[in-house]
Amino acid sequence: METLKNLHWPLVLGLGALALVRPLIRIVTDPSGTSDAPATAITLTLVISVIWIAVVGLTRVSHPVLTLVCAGVVYGAASIVLSGILSPILTGQLQGPLAMPFAIIPVLAVNAVWGLITGVIALLVRRARAGSAR
């Protein structure tokens, strides 16, 4: 619990908020949500992942893995809230995890795993840089 208190929370929140670019771009490009354009989602996920890895892997952030796991959970929670706010406006009905509460935990878990994967890569980047600096 003490480790969570010691995280750089503005960074965690900022990285989580950065990932909101993904659903926002989808809303702008396909407000009805009917298009099946996985290439855009995959590309955005990769770009966000690279940014997360660079920010955490190339700096002295303490607890890089936990930082990105928390960023993933922050993104998951924020995307659930965003969906709850925007889906009634854009489609006229509540959609997403708030409309199907059993989906909330999987959304948070998937995004935590995303953070875990990027956090491990960021840690490897950091270790590789430390090894090459010797």
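Relevant structure appears above.
Residues numbered from 1 in each chain as written. Predicted model: local features only at pLDDT ≥ 70, side-chain atom pairs only at ≥ 80, totals over all residues. Heavy atoms only, no water.

Considerations on the environment of Ala-71
The cut-off we apply is this: Put simply, DSSP H or I for four residues or longer makes a helix, DSSP E for two residues or longer makes a strand, and each gets a number counted from the N terminus. Contacts are assigned to residue pairs that have any heavy atoms within 4.5 Å of one another.
Along the chain, Ala-71 turns up in helix 5 (residues 64-91). For Ala-71 and Gly-16, which are 55 residues apart along the polypeptide, the C-alpha to C-alpha distance reads 4.5 Å. In this view, Ala-71 contacts Val-12, Leu-15, Gly-16 and Trp-52; residues no more than four positions away in its chain are not counted.

Section: the packing of aromatic side chains
Our working rule: The pairing test for Phe, Tyr and Trp rings, Trp by its six-membered ring, is centres within 6.5 Å, and the orientation test on the planes gives stacked under 30 degrees, edge-to-face over 60, and tilted for anything in between. Only protein chains enter the accessibility calculation, which uses a 1.4 Å probe; a residue whose area is less than 20% of its type maximum is buried, one above 50% is exposed, and one in between is partly exposed.
The full count for this structure, using the stated rule, is two aromatic pairs. With a centroid separation of 4.5 Å and 25° between ring planes, the pair formed by Trp-52 and Trp-114 is classed as stacked. In this pair, Trp-52 sits in helix 4 (residues 38-57) while Trp-114 sits in helix 6 (residues 104-132), placing the two residues 62 residues apart along the sequence. In this structure, Trp-52 and Trp-114 share a single accessibility class: buried. Here Tyr-75 and Trp-114 contribute two aromatic rings whose centre-to-centre distance is 5.7 Å and whose plane-to-plane angle is 85°, an arrangement assigned as edge-to-face. Of this pair, Tyr-75 sits in helix 5 while Trp-114 sits in helix 6, and the two are 39 residues apart along the sequence. Judged by relative accessible area, Tyr-75 falls into the buried class, the value being 4%. When its relative accessible area of 12% is taken as the criterion, Trp-114 is described as buried. By the ring-pair criterion, three or more aromatic residues cluster together here, those being Trp-52, Tyr-75 and Trp-114.

Things to note about the side chain of Thr-67
Where we set the bar: In the analysis that follows, any N or O atom pair within 3.5 Å is treated as a polar contact, provided that within protein one partner can donate a hydrogen and the other can accept it, and provided that, for residues neighboring in sequence, both atoms belong to side chains.
Positionally, Thr-67 belongs in helix 5. You can call Thr-67 buried: its relative accessible area is 0%. A distance of 3.3 Å separates the side chain of Thr-67 from the backbone oxygen of Ser-62, its partner in a polar contact. With sequence-adjacent residues up to four places away left out, Thr-67 is seen in contact with Leu-7, Leu-11, Val-12, Val-56, Val-61 and Ser-62.

Some details on the packing of helix 2 (residues 9-18) against helix 5
Quick reminder of the rule: Axis lines are fitted to C-alpha atoms, over the contacting stretch for helices. Their N-to-C directions set the angle, which ranges from 0 to 180 degrees. We call two directions roughly parallel when the angle between them is under 35 degrees, roughly antiparallel when it is over 145, roughly perpendicular when it lies between 65 and 115, and oblique otherwise. By definition, any crossing whose near helix is turned counterclockwise from its far helix by less than a right angle is left-handed, and any crossing with a clockwise turn is right-handed. All amino acids are sorted into three groups, where Ala, Val, Leu, Ile, Met, Phe, Trp, Tyr, Cys and Pro are nonpolar, Asp, Glu, Lys and Arg are charged, and the leftover types, Gly among them, are polar.
Their axes nearest at 8 Å, the elements helix 2 and helix 5 cross at an angle of 50°. On the basis of the axis angle, helix 2 is oblique to helix 5. Taken as a pair, helix 2 and helix 5 cross one another with a handedness that is right-handed. Of the residues in helix 5, those in contact with Trp-9, Leu-11, Val-12, Leu-13, Leu-15 and Gly-16 of helix 2 are Thr-67, Leu-68, Cys-70, Ala-71, Val-74 and Tyr-75. For the contact of helix 2 with helix 5, the per-class residue count stands at 10 nonpolar, two polar and no charged.

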